[in-house]
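# Structural overview for review
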Amino acid sequence: MISPSFFTTRHSILFTLVCTFMVLCGCGGKNGFVGGGQGNSVFLKSITMTPVNPTITLAVSPQPPATKQFIVIGQYNVGNPKDITDQMTWISADSKVATLDTKGVATATGSGRIIITSQIFEPATQKTLQATTVLSIVPQLTSIVVSPTAAQIAKETAQQFTATGSYNDGTQADITALVGWNSSQPAATVSSSPGTQGRALGVSPGPTKITAALGSRVSSAASLTVTNANLVTLALPPANPTVPLANSQQFVATGTFDDGTKQDISVTAAWISSSPAIARVTSTGLVTGLGLGNADITASMGAANDTSTATVDASSISKVSVVPVDKIADNTSSQMRAVAIFKDGSSLDATSTPGITWSSSDASVATIVASSGLASATGPGSATISAKLGSQSGSATLKVSDATIQSLAVAPNQATIAPGTTQNVIAYATFVDNAGQFQQDISRVAAWSSDNTGVATLSFANGLQER
């Protein structure tokens, strides 16, 4: 027999459940916990993907492929962050570099850098949330080859070796500057220093082995034999070459030795240019044209030497432009500027390049120094200022105003310098004419003085300097 208290208890529980359900349903409005809409639901606010910009190493068969797990953490409007990696849509920008599965695992299929994207659509906000990162997959170095595989040089001369790396993605690269170099015998040294990596220098007659190493990879050995031959003559072919302005050309010094052998001795010869302003030469024989004209390039080693005349021409120039100057006051000066535009699209400030010629169409208005482009105002009016470099020329109009100086300022107005050092000082004048005011640097024509020459003196050299 069931007691009446059982029914009373059961009805109380049922009443409580019904009331709870009604309360929850009632909360399904704007601020409730049950129901639809952004205002009454739990929704995703932001996502974060890790790792950020990772790098993995490419592996090829029979090794298992390299993988990287990406994780996405979602931040909701309520509650704690949650791992939502499995809910994301994963996108690889290039499947030839890496593929992605639905779990956020990237599998390397090649070398390179790709963008990894994860996306998810949030219905409550009608927004797509997205996170991106960059995955770098680097190939493994599988072998190093040193070339040439065999060489012979005379003592006190050099041989350049190069190292080529082969990688497991099928590519090759010049890694001469990345490897460590070694000579097995004292017959020669080989450099690992920046700029000269792989350069072997013959020290004494005898054989040696040259190797290159990077990490645990070591190349097969190249053979180098150093002879006791002596240099007899030196030649610089071809004779009298032409070097276009702003271009470089490698001169090669070929030595003939008393054993009948010939050898490129460019890196061990001494180089000099008779006119560095026209043609500059490096310690290894690279000649660069800096101005129009001729320069004698001489290579020497011991008693042997040869000279070749380099002619620098303007064949590389497509256009010359003169930078316009608005106007200057009478009895002042202005440094004009010329820019040379080359056929490859590059440019150079050619204002005082050797070979340039400046001219003025009216000397009663402005004169100009033919080699430097310094214009001096001689009277009110307009003059055409031209610059010619090779067969190309450009021009600009220079206006000279009969203006009156209104004020003068020196900059900087205060400076602290150490004894024996210099400070540039510039004089700016404000002029006024019928068109209004204008300012001009008049440092070149200003009269300068120091009120205490025991502390500082003044001199003018392409910009005033206070000493």
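Here the residue numbers are simple positions, counted from 1 along each chain's written sequence. In view of the model being predicted, local features appear only for residues whose pLDDT reaches at least 70, and side-chain atom pairs are presented and counted only at 80 or more, with totals across whole chains, interfaces and linings using the full set of residues. As a rule here, side-chain values cover all heavy atoms of the structure and leave hydrogens and water aside.

### Section: the overall build of the protein chain
Within the protein chain, the secondary structure is distributed over one helix and 47 strands. In the protein chain, which comprises 467 residues, the proportion classed as buried is 35%. Carbon and sulfur atoms make up 54% of the accessible area of the protein chain, which amounts to about 25300 Å² in all. Per the convention used, a helix needs a DSSP run of H or I reaching at least four residues, while a strand needs a run of E reaching at least two, with both numbered from the N terminus. Only protein chains enter the calculation, and the probe is 1.4 Å; a residue is then buried if its accessible area is under 20% of its type maximum, exposed if over 50%, and partly exposed in between. Using the Shrake-Rupley algorithm and a 1.4 Å probe, accessible areas are obtained, with residue cover drawn only from the displayed protein chains.

### As for unusual backbone geometry
Leave glycine aside and you will find that most residues have negative phi; peptide bonds, for their part, are mostly trans. Ser 147 connects to Pro 148 through a cis peptide bond whose omega is -5°. Its location among the elements puts Pro 148 in the loop between strand 11 (141–147) and strand 12 (150–154). Between Ala 411 and the following residue, Pro 412, the backbone shows a cis peptide bond with an omega angle of -5°. Positionally, Pro 412 belongs in the loop between strand 42 (404–411) and strand 43 (423–424). In this structure, Ala 246 takes a positive phi of about 70° despite not being glycine. Mapped onto the elements, Ala 246 comes out in the loop between strand 23 (242–244) and strand 24 (248–250). A positive phi is found at Asn 331, a non-glycine position, where the angle reads about 70°. Mapped onto the fold, Asn 331 is located in the loop between strand 33 (327–329) and strand 34 (333–335).

### Here's the deal with the sheet that holds strand 40 (residues 381–389)
Here, strands pair whenever DSSP counts at least two bridges between them. Taken in spatial order, the four strands of this open sheet run 33-41-40-37, and their pairing is mixed. Each edge of the sheet is formed by a strand with only one pairing partner; in this case those strands are strand 33 and strand 37 (357–360). Across the sheet, the mean angle from the axis of one strand to that of its neighbour is 30°, orientation sign disregarded. Examined bridge by bridge, strand 33 and strand 41 (residues 392–401) share three bridges and lie parallel to one another. Among the inter-strand pairings, Ala 329 is bridged to a residue of strand 41, identified as Ser 401. Each axis is a line fitted through C-alpha atoms, taken for helices only over the stretch in contact, and angles between the N-to-C directions span 0 to 180 degrees.

### Thoughts on the nonpolar core
In these notes, a set of buried Ala, Val, Leu, Ile, Met, Phe, Trp, Tyr and Cys residues joined through side-chain atoms within 4.5 Å is what counts as a nonpolar core. Counting 48 residues, the largest nonpolar core has Leu 234, Ala 253, Trp 271, Ile 297, Trp 358 and Leu 389 as the members making the most contacts within it. In this structure Leu 389 touches Leu 245, Leu 292, Ala 314, Ile 317, Val 320, Ala 340, Ala 350, Gly 355 and Ile 356, once residues within four positions along its chain are discounted. The next biggest cluster of nonpolar side chains, apart from the first, holds 24 residues, and it includes Leu 44, Ile 47, Val 97 and Leu 135. Here, residues are in contact when the closest pair of their heavy atoms is within 4.5 Å.

### Structural notes on the pairing of strand 31 (residues 304–313)
When strand 23 meets strand 31, the two strands line up parallel, connected through three bridges. Bridge pairing in strand 31 links Pro 244 to Asp 313. The pairing of strand 30 (residues 293–301) with strand 31 spans nine bridges and is antiparallel. Following the sheet pairing, Ser 300 is matched in strand 31 by Asn 305. Joining the antiparallel neighbours strand 30 and strand 31 is a turn of two residues, in which Gly 302 adopts a positive phi near 65°.

### Considerations on the packing of aromatic side chains
Within 6.5 Å between ring centres, the rings of Phe, Tyr and Trp (the latter by its six-membered ring) count as paired, and their orientation is classed by plane angle as stacked under 30 degrees, edge-to-face over 60, tilted in between. Counting across every chain of the model gives two aromatic pairs. Taking 5.5 Å as the distance between ring centres and 20° as the angle between the ring planes, the aromatic pair formed by Phe 431 and Phe 438 counts as stacked. No difference in accessibility class separates Phe 431 from Phe 438, as the two residues are buried.

### Some points on the pairing of strand 45 (residues 436–441)
Bridging between strand 44 (residues 426–433) and strand 45 involves six bridges; their strand directions are antiparallel. When the bridges of strand 45 are listed, Ala 429 appears paired with Gln 440. Between strand 44 and the antiparallel strand that follows it, strand 45, lie two residues.

### With respect to the side chain of Gln 440
Relative to the helices and strands, Gln 440 is located in strand 45. Taking relative accessible area as the criterion, Gln 440 reaches 7% and is therefore assigned buried. Every residue in contact with Gln 440, bar those within four places of it in the chain, is listed here: Ile 328, Ala 329, Thr 332, Ser 333, Ala 427, Tyr 428, Ala 429 and Phe 431.

### Comments concerning the sheet that holds strand 44
With respect to topology, three strands assemble into an open sheet ordered 42-44-45, the strand pairing being antiparallel. Each having just a single partner strand, strand 42 and strand 45 make up the two edges of the open sheet. For this sheet the average axis-to-axis angle between neighbouring strands, irrespective of direction, equals 20°.

Any link to function would need more than the numbers given here.
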